[in-house]
Amino acid sequence: MIRDLHGQIECLARLHIHHGLYYSEGFRRRREHVRRMVREHNVDVRTELDPMVGLLYRRYFD
C-alpha cells in the first residue's frame, strides 16, 4: 500500500512538472485519490513515506 502511495504521489509530480497539468481534472482526481488513501489507511506521512516522496507530498498537500 505504501509503495502504491509513493507511485501515486510521484505521478502527481510528473503530471505537474513534465506535463504542466496542475490545473487539470485528472490531476485533481489523482490528488483526491491520494488524500483518500492516506485517510483510509491512517498513513503517517511524516514517518512512513520516503524522504523524497514526503517532500512531494508536502508540496502538493500542505
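This text follows the structure it describes.
Everything in this summary refers to the structure shown in the same document. (Residues numbered from 1 in each chain as written. Predicted model: local features only at pLDDT ≥ 70, side-chain atom pairs only at ≥ 80, totals over all residues. Heavy atoms only, no water.)

What about the overall build of the protein?
Part 1: Helices and strands together make up the secondary structure of the protein, namely four helices and zero strands.
Part 2: Each principal axis of the C-alpha atoms in the protein carries an extent, and together these give about 30 × 20 × 20 Å.
Part 3: When burial is assessed residue by residue, the protein has 34% of its 62 residues classed as buried.
Part 4: Long-range pairs, those at least 24 residues apart, make up 63% of the contacts in the protein with a sequence separation of at least 6.
Part 5: A total accessible area of about 4400 Å² is found for the protein, and carbon and sulfur atoms account for 48% of it. (Helix = DSSP H or I, 4+ residues; strand = E, 2+ residues; numbered from the N terminus. Buried < 20%, exposed > 50% of the residue type's maximum accessible area, 1.4 Å probe, protein only. Contact = heavy atoms within 4.5 Å. Areas by Shrake-Rupley, 256 points an atom, 1.4 Å probe, with all protein chains shown as cover.)

Digging into the nonpolar core
Part 1: Formed by 18 residues in total, the largest nonpolar core has its most connected members in L5, I9, V34, V38, L49 and Y57.
Part 2: Breaking this core down by element, the ones donating at least two residues are α1 (2-17), α2 (25-40) and α4 (51-61).
Part 3: It is α1 that provides the largest number of residues to this core, a total of six residues. (Core = buried A, V, L, I, M, F, W, Y, C linked by side-chain atoms within 4.5 Å.)

Notes on the packing of aromatic side chains
Part 1: With the rule as written, the count across this model stands at five aromatic pairs.
Part 2: Centroid distance Y22 to F27: 5.0 Å. Interplanar angle 50°. Geometry classified as tilted.
Part 3: Look at Y22 and Y60: their rings are 6.4 Å apart centre to centre, the planes differ by 35°, and that puts the pair in the tilted class. With a gap of 38 residues between them, Y22 in the loop between α1 and α2 and Y60 in helix α4 connect regions that are remote in the sequence.
Part 4: Y60 gets classed as buried once you look at its relative accessible area, which sits at 3%.
Part 5: In this structure, R31 is placed above the aromatic ring of F61, and the distance from its NZ or CZ to the ring centre is 5.2 Å. (Phe/Tyr/Trp six-rings, centres within 6.5 Å; stacked < 30°, edge-to-face > 60°. Lys NZ or Arg CZ within 6 Å of the ring centre and 35° of its normal.)

Details of unusual backbone geometry
Part 1: Located in the positive-phi region is N42, a residue other than glycine, with phi close to 50°.
Part 2: Secondary-structure assignment places N42 in the loop between α2 and α3 (45-48).
Part 3: The exposure class assigned to N42 is exposed, which follows from its relative accessible area of 65%.

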